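These are the residues of each chain, in order.
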Amino acid sequence: MLNFIDNIDPQTLARELGLEQPLAQTRRGFLKLSGGAGLGLVVGFGVTAAPAGSAETTVPVNRFVEIDSEGLVFVISKHLDKGQGSATGLATLVADELDASIEQVHVRFAPADAARYKNLAFGMQGTGGSTAMANSFIQYRQAGAAARLALVKAAAAKWQVPESEIQVSAGQVSHSSGKSSDFGALASMAATQTLPEKVELKTPDQWVYIGKSFPRVDAKNKSSGAPRTYGMDFKIDNMVHAMVARPPRWGAVYKSMDMTAAKSVKGFIDARPGPTGVVVFADNTWAAKKARDAITIEWDFAASENRSSDQLFSQYRTLAEQSGPIAHRHGDAETALGKAAKTVEATYEFPFLAHAPMEPLDITIHAEADRVQIWTGSQLQTIDQMVVAGIFDLKPHQVHIETLWAGGSFGRRAIYNAEYSAEAAHVSRVWGKSQPIKIVWTREDDIKGGYYRPMYIHKVKAGVDADGRLSGWHHRIVGQSIFTGTSFESFVVKDGIDHSSYEGTGDTTYDIADMTIELHSPKVGVPTLWWRSVGHSHTAYVMETMVDQLAQKAGRDAVEFRLELLKNDPRKAAVLKLAAEKSGWGGVLPKGHGRGVAVHKSFNSYVAEVAEVQMQADGTVKVVQVTAAVDCGVPINPDNIRAQVEGGIGYGLGAILRNEITLTDGQVDQGNFDTYEPLRIGDMPEIEVHIVPSNEAPTGIGEPGTPPIGPAVANAIRAATGKNPNRLPFTKQGFA
Amino acid sequence: MTQLKINGVNQSIDVEPDTPLLWVLRDHLDLTGTKFGCGEGLCGACTVHLDGEAVRSCQTLIGDIAGSDVTTIDAISTKASQAIQAAWQELQVPQCGYCQSGQIMSATALLTETPKPSPQDIDDAMGGNVCRCATYARIRKAVHRAAELMEA
Ligand code: FES
Ligand code: FES
């Protein structure tokens, strides 16, 4: 997600986001905020409180590294860690250059302050598009190296010895004379040292942690239910609880309500209409929920989206038969298809998908006259600040955000219009008093809440010539644009074509000489959003099952056929070969088993997956084994790379097997984990992840593991049964 | 007023009897280790031990459990729970971590009953605990590892 920002014109971004001054483009092509006053977001960056229970204070050695008097190192994370391990990744980069010990390193989230903590790939503070490590790789190592140099200078001054004679190792600063010190005793002095503009970074052979699986900084807290970890755990004195009864159809408008029954709920305070629904205020979460259930609300559906998903699909099917705007074209697909000896034609249907992060959304807000404080797992802090400031008629720097750990996101917390933060601002205004308010979403609110991965239909025709070589590819996609109508529209949508709807097709590195991609983007009143891997979540499925069928038509091996098409993409070819080799590709399988492969590049990383399935007596599929190979550049933390690929596979598999959001007359049919049944432990295959060693710059890993699993399993099902699961989820065709 | 013991401490809870134990723990006692995931007994994030048995605290009404003994992730400390928590860290199980309190409470109950669980025992005992980050492969390994640690 948000990988489009590289191509954005900074002036447009500034205007759209309402920045006070335009952004300047730097040499490296990244967006950079101009000057300290640019955003008006300068937040005091003084001494910060140490972890709960300690009265210690920390000294900021630089904006990313703080050290306390005990010698603990706090890495200030500009990125939200919602499970993907970025906090540990940033800690690894700093600890390596700083020569800190593993035990002394902790992570805190940065305040919302784009001038200091922007994502270098976005030009604003935010996390997404699997960019955390890619954009921080140099920056955080420099921060660690600068902090180390500051400690060395401080020690040299204190001990009256040359800097060159000082050693730093595993958290200890020492001199050959036998003098030594931990970081804590040198921290204050270190913070005042004048440093050169550029500090030297280690060479890869000097790395002590990079490439070696630094243990997760959050594993202990997350294995012990530590307090005040997630937004859901946040509590502050004098806090009011709120839940919102949102309209049952998008675009419905509040008419009236009857709250008589709610009044007998102990702890209920009041219910008032607000811009996003009826806000129910109470003393505690349960009272808010119970009171909300007891209120009946009348809505006006005159202008709402009242269609069913079946109707939408039949409209999409009609469009899929009509030629549409060209999204991408190279060569001449028509002519090449005309010359093809054999062709494959297929139509695919993909449902709406909810993200359903484990922690439902929550946020606490406290609005005062000239200051708003927010506590939540904020993923796009700058946008949250901008939008909330606008609602209170404040400047963005007057909106303070304390970012807390998030119990998952998969895209849901990165919202282009600050949706749930904006709602919190409205709730606070509806309440009217300067009092902290915590808003909790139930699972039903989450599943029915929209911002789904859009529904899509793909209709594809591709051919192979008499020599068994690919000849012509015509591909038509029908599906809602995620970006049209949002403040990002002008960056991503060009001439009505939303790049995120077809990424992963026309830009394939398969050597396909003649290819046309058409895109219909019907308008639907259901809000949509990026969902782990965005467009790749459906395009990889189509590309990789089509290529597989073409190989079959040509009578060729699926791996060999792909390798021939990958002559110009050695990295993609390498992961494919590695996954094939490690999976025992081509070996004999037990009866009723099938093996399938898929390889896809997304977020600049390459992932190949081989799935082995076992068909059950009732026609359903069990995925028994997945062998993955990945190249994401320098593997900063191999164990986390494996974890993200394992999780990405599980996340994709659950969706492919049985997840869909459907609408009946505009109302969402699903509500909780009974009707939106997630992957469970018994569904989880054995997974092996192999990492290609690399010296290339690190690229994404939170998302790229997801796209190949669907097509790998689909190809395995075809190998086992001869049938094509082209309608998702698999439950639709009886495979799950 | 409901009297019961929570993490070894006697508590008198003054809430409506139909209040789920989950919200008593989280909102009234500030024991936030136990998580809210679905509120309908479908995800296991809210798992606690009630008189030694793993239960879904979102489905356990406070009025029904007077006199019981409740243990939550915030305070659990048995041989099995220590082994589980050690294995969880050794194998780096948590990602977002939000499900893990519940996973650990279910896994602890399993190992307390069945010190050497089979893969099927694990799938059965842990089937009610959802992990949206899909850490399941590591959960399986970590339960086996904890069983080893308990033997040692
Ligand atoms: S919150 Fe209790 S089972 Fe999900
Ligand atoms: S670790 Fe995220 S839901 Fe389990």
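Model, not experiment: these values are computed from the prediction.

A. Quick look at the pattern of salt bridges. As enumerated under the stated definition, the model contains 46 salt bridges over all chains in all. A salt bridge links Asp-218 of chain A to Arg-216 of chain A, with the nearest nitrogen and oxygen atoms 2.9 Å apart. Assigned by exposure class, Asp-218 of chain A and Arg-216 of chain A land together as buried. Taking the shortest distance from any N to any O, the salt bridge between Glu-90 of chain B and Arg-145 of chain B comes out at 2.8 Å. Here Glu-90 of chain B is found in helix H2 (residues 79–90), whereas its partner Arg-145 of chain B is found in helix H5 (residues 136–151), with 55 residues between them in sequence. Given a relative accessible area of 25%, Arg-145 of chain B falls into the partly exposed group.

B. Structural detail: the domain arrangement of chain A. The domain architecture assigned to chain A consists of domain 1 (4–219), domain 2 (236–300) and domain 3 (311–352 + 453–732). Placing a centre on the C-alpha atoms of domain 2 of chain A and another on those of domain 3 of chain A gives a separation of 42 Å.

C. Just the sheet that holds strand S25 (residues 515–520) of chain A, in detail. Residue and element names in this part refer to chain A. With respect to topology, five strands assemble into an open sheet ordered S15-S25-S22-S21-S16, the strand pairing being mixed. In this open sheet, the two strands that pair with only one neighbour each are strand S15 (326–330) and strand S16 (342–350). Put simply, the sheet's adjacent strands are angled 5° from each other on average, direction ignored. Pairing of S15 with S25 involves four bridges; the strand directions are antiparallel. Residue pairing across strands places His-330 opposite Met-515, the latter belonging to S25. Running at roughly 155° to S16, helix H15 (residues 536–553) makes contact with S16, strand S21 (456–464), strand S22 (470–479) and S25 of the sheet.

D. Broad picture of the nonpolar core. Core analysis: the biggest nonpolar cluster contains 260 residues, and Trp-473 and Phe-730 of chain A have the highest contact counts within it. For this core, the element with the highest residue contribution is helix H4 (residues 132–159) of chain A, accounting for 13 residues. Excluding residues that lie within four positions of it along the chain, Phe-730 of chain A makes contacts with Tyr-541, Val-621, Ile-656, Leu-657, Val-713, Ala-714, Ile-717, Pro-725, Phe-735 and Ala-736 of chain A. The next biggest cluster of nonpolar side chains, apart from the first, holds 14 residues, and it includes Leu-25, Leu-50, Val-55 and Ile-62 of chain B.

The rules we used
- Residues numbered from 1 in each chain as written.
- Chains lettered and ligands numbered in written order.
- Predicted model: local features only at pLDDT ≥ 70, side-chain atom pairs only at ≥ 80, totals over all residues.
- Heavy atoms only, no water.
- Salt bridge = Lys/Arg side-chain N within 4 Å of Asp/Glu carboxyl O.
- Buried < 20%, exposed > 50% of the residue type's maximum accessible area, 1.4 Å probe, protein only.
- Helix = DSSP H or I, 4+ residues; strand = E, 2+ residues; numbered from the N terminus.
- Domains from an automatic or database assignment.
- Pairing = 2+ DSSP bridges.
- Axes fitted to C-alpha atoms, helices over the stretch in contact; angles between N-to-C directions.
- Contact = heavy atoms within 4.5 Å.
- Core = buried A, V, L, I, M, F, W, Y, C linked by side-chain atoms within 4.5 Å.

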